[in-house]
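Spelled out from the first residue to the last, the chains are:
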Amino acid sequence: MDIEARMREVEQEIISRRPEHSVDLALDRMTELVGLLGDPQRACPVIHITGTNGKTSTARMTDTLLRSRGLRTGRFTSPHLVSIRERIVVDGTPVSAERFVAAYEEVIPYVRLVDERHPVAMSFFEVLTGMAFAIFADTPVDVVVLEVGVGGRLDCTNVADGMVAVITPIAIDHTRLLGDTIEEIAGEKAGIIKPGATAVLAQQPLAAAEVLLRYAVEVGATVAREGVEFGVLSREQAVGGQQLTLRGLHGTYEDVFLPLFGLHQAGNAACALAAVEAFAGVSDEGIYSSAGLDADLVREAFARVTSPGRLEVIRRSPTIIIDAAHNPAGMAATVAGLEEAFTFGHLAGVFAASGDKDVAGMLAELEPVLTDIVVTRNSSDRSMEPGETAELAAEIFGEDRVYEALRLDEAIEAAVALADEAVADTGPGSGGVLITGSVITAGDARRLLGPAGGELPPEPSVSQPSRHSFTAAELS
């Protein structure tokens, strides 16, 4: 059997397990699996990232900064846009089909052993997490950038002990699992902060900040807060992104070009910078005593950052933007970025979301910037049906601004037609299309519109010092 056929088989076997959204938060199964595998999660230092929004973008920025310093990196993020292999990345490149299959065949006997010992079998996400740890240990990598799946305290990634814990902005999401208040959700996410670690905290709602700070003090972690110990000093719009001045834990970095849109991405950049400084600068004299990173390497790394599916311009004439926002707080950040970076006379929306999300809340955030909206469904079985979404949208937009399509390709075609009408009336550049509502929607759109079936392009390489393998002592 050729490798691509075997890859499809393996992916189907993984998908057939308890799905990603059917979460049974517990660490016992994962603890047993990594124990059987020889605790690969302890093979190198970990930067652990949680939060409600911005985790993947922050992980990608952190990874790029680390690689610019000559470190070999492993990165585990979720969900994926197009290919499941995007979740497990070594040195900026998704693992090959051969590597993915080999890792699965290595861990699956142990997974089945754990299945036999527990009333609930290991899930899709737990299997992938085990595979990622095995791949990173075998490579080996110098540092792992590890994104939480859901929550933090009982997420299966929390079998790892992050020497740096990053918590991006917290908002209401996953209430069935994490609680329906900011305080409860923050308490779950605080669980990745380990004794003696450094906690890098993005700007948070006051209620979340109080919970996070209290927990960090209780476990004896060092705290670095956006807006206090580090942050964005200035930002200006630039062609294709924004120009930043960032204050890190150890220095100020001017003239940093970030090829991503929105204040939220500037905040993510500040968190990534602080995380890498903390990782590089812990010493007996304290975290804030070390020299900063090489400013030129920081500038080069940020200039090469990519974050597919996050206010990503996928086509021109008309401009088509895809964005993976999937809750009201994320959609508010998307809308703010759109208003700041683009000037459309007519912006048509294509919207498909999961039925278990706050769909009305997302639509309310979108209403001020969309001229009209085409509601549809995505490829997930959790997708809200177009008719149900249309009813919600009509209450917010008014019936005359809402269109319905049964398939995403039909919805995109309808939105492009609406945008083209605006271009015909008011000139080039006046019409645009925003496709949003879910990571799955963004990924489906990429498959339809992107080159080579939407596969993500290779991440740009960064200039690196002479590479060698670092020990944990050298890194701390």
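Residue numbers here run from 1 along each chain, matching the order of that chain's written sequence. Selection of residues for local features in this predicted model requires a pLDDT of at least 70, selection of side-chain atom pairs for listing and counting requires 80 or more, and totals for whole chains, interfaces and linings are taken over all residues. Side-chain metrics rest on all non-hydrogen atoms present in the structure, leaving aside hydrogens and water.

Novice: What's the story with the packing of aromatic side chains in this structure? I'm lost.
Specialist: For any two aromatic rings, the description comes down to two numbers: the centre-to-centre distance and the angle of the planes. Aromatic rings from Phe, Tyr and Trp, with only the six-membered ring used for Trp, were paired whenever their centres fell within 6.5 Å, and each pair was classed as stacked if the ring planes differed by under 30 degrees, edge-to-face if by over 60, and tilted otherwise. Counted under the stated rule, the structure contains three aromatic pairs. When the centroid spacing of 5.6 Å and the interplanar angle of 35 degrees are considered together, the rings of Phe76 and Phe125 count as tilted. Remark: Phe125 occurs in helix α5 (residues 124-138) and Phe76 occurs in strand β2 (residues 73-76); sequence separation between them is 49 residues. By way of ring pairs, the aromatic residues Phe261, Phe342 and Phe344 are connected into one cluster. Starting at the N terminus, helices and strands are each numbered in turn, a helix being any DSSP run of H or I of at least four residues and a strand any DSSP run of E of at least two.

Novice: How do you make sense of the sheet that holds β2 when you look at a structure like this?
Specialist: Consider a sheet: its strands pair through backbone hydrogen bonds, and that pairing is either parallel or antiparallel. In short, DSSP must find at least two bridges between two strands for them to pair. If you walk across this open sheet you meet the eight strands as β4-β3-β2-β5-β1-β6-β7-β8, and the pairing is mixed. Bordering the open sheet on either side are β4 (93-94) and β8 (222-225), each of which pairs with just one other strand. Where strand β3 (residues 88-90) and β4 come together, two bridges link them in antiparallel fashion. Along β4, the bridge assignment pairs Val89 with Pro94.

Novice: Is there a simple way to explain the packing of helix α3 (residues 55-68) against helix α9 (residues 263-281) in this structure?
Specialist: The axes of two packed helices give the description: the angle between them and the distance between them. Look at α3 against α9: their axes get within 8 Å of each other, and the N-to-C directions meet at 45 degrees. Judged on the interaxial angle alone, α9 and α3 are oblique. Crossing of α3 over α9 shows right-handed handedness. When α3 is examined against α9, the residues Ser57, Thr58, Met61, Thr62, Leu65 and Leu66 are found in contact with a partner set consisting of Gln265, Asn268, Ala269, Cys271, Ala272, Leu273, Val276 and Phe279. Note on residue classes: Ala, Val, Leu, Ile, Met, Phe, Trp, Tyr, Cys and Pro are nonpolar, Asp, Glu, Lys and Arg are charged, and everything else, Gly too, is polar. Split into classes, the residues belonging to the contact of α3 with α9 amount to nine nonpolar, five polar and no charged. Here, axes are lines fitted to C-alpha atoms. For helices the fit covers the stretch in contact, and angles between N-to-C directions go from 0 to 180 degrees. Angle categories are assigned with fixed cut-offs, so that under 35 degrees is roughly parallel, over 145 is roughly antiparallel, 65 to 115 is roughly perpendicular, and the rest are oblique. Helix crossings get a hand from a simple test, with the near helix turned counterclockwise from the far one by less than a right angle marking a left-handed crossing and a clockwise turn marking a right-handed one. Residue contacts are defined here by distance: any two heavy atoms, one from each residue, within 4.5 Å place the two residues in contact.

Novice: Even after reading the chapter, I still don't get helix α2 (residues 28-36), so can you show me in this structure?
Specialist: Think of an α-helix as 3.6 residues a turn; residues three or four steps apart then line up on the same face. Residue burial is assigned from relative accessible area. The probe radius is 1.4 Å, only protein chains are included, and a residue is buried under 20% of its type maximum, exposed over 50%, and partly exposed in between. Regarding α2, the residues found buried are Arg29, Met30, Glu32, Leu33 and Val34. On its buried side, α2 packs onto α4 (97-117) and α5. Within two residues after α2, Gly38 carries a phi angle of roughly 90 degrees, on the positive side.

Novice: Just checking my understanding: could you explain the state of the cysteines for this structure?
Specialist: Note on disulfides: each one is a pair of cysteine sulfur atoms within 2.5 Å. Applying the stated criterion across every chain, the model contains zero disulfides. The cysteine Cys44 is free of any disulfide, with Cys156 supplying the nearest cysteine sulfur at 17 Å.

Novice: Mind showing me how you'd approach the nonpolar core here?
Specialist: In a soluble, globular protein the nonpolar side chains are often hidden away together inside. Ranked by internal contacts, the top residues of the largest apolar core, which has 40 residues, are Ile14, Ile88, Phe100, Met131 and Phe136. Elements with a contribution of two residues or more to this core: α1 (3-15), α2, β3, α4, α5 and β5 (143-147). Looking at this core element by element, the count peaks at ten residues for α5. Once residues lying within four places of it in the same chain are set aside, the contact partners of Ile88 are Arg75, Phe76, Thr93, Pro94, Val95, Phe100, Leu128, Met131, Ala132, Ile135 and Phe136. Here the nonpolar core consists of buried residues drawn from Ala, Val, Leu, Ile, Met, Phe, Trp, Tyr and Cys, with membership extended through side-chain atoms lying within 4.5 Å.

Novice: Got a minute to help me understand the pattern of salt bridges in this structure?
Specialist: It is possible for side chains bearing opposite charge to pair when their charged atoms get close. A carboxyl oxygen of Asp or Glu within 4 Å of a side-chain nitrogen of Lys or Arg is what we treat as a salt bridge. Applying the stated criterion across every chain yields a total of 23 salt bridges. A salt bridge links Arg6 to Glu13, with the shortest nitrogen-to-oxygen separation between them at 3.6 Å. We classify Arg6 as buried; its relative accessible area is 19%. Two residues, Asp91 and Arg72, come together in a salt bridge whose shortest N-O distance is 3.8 Å. Taken together, the positions of Asp91 in the loop between β3 and β4 and Arg72 in the loop between α3 and β2 put the pair 19 residues apart, joining distant regions of the chain. Its relative accessible area of 22% is what places Asp91 among the partly exposed residues. Among the charged side chains, a network of salt bridges with common partners joins Arg6, Glu9, Glu13 and Glu105.

Novice: Just to check I follow, could you spell out the pairing of β8 for this structure?
Specialist: Regular strands show a simple pattern: their side chains alternate between the two faces of the sheet. Note that strand β7 (residues 198-201) and β8 share four bridges and pair parallel. Opposite Ala199, over in β8, you have Val223 as the bridge partner. At this point the chain moves from β7, through helix α8 (residues 206-219), to the parallel β8, and the crossover so formed is right-handed. Seen with the strands pointing away from the viewer, any crossover whose path from the first strand over the helix to the second strand runs clockwise is right-handed.

Novice: Could you clarify how one ought to interpret the sheet that holds strand β11 (residues 252-258) in this entry?
Specialist: Overall, antiparallel pairing links the three strands, which are arranged β9-β10-β11 in an open sheet. Each edge of the open sheet carries a strand with a single partner, namely β9 (231-238) and β11. This sheet shows a mean twist of 20 degrees between the axes of neighbouring strands, independent of strand direction. Here helix α10 (residues 295-303) sits on the sheet in contact with β10 (241-247) and β11, set at roughly 20 degrees to β11.

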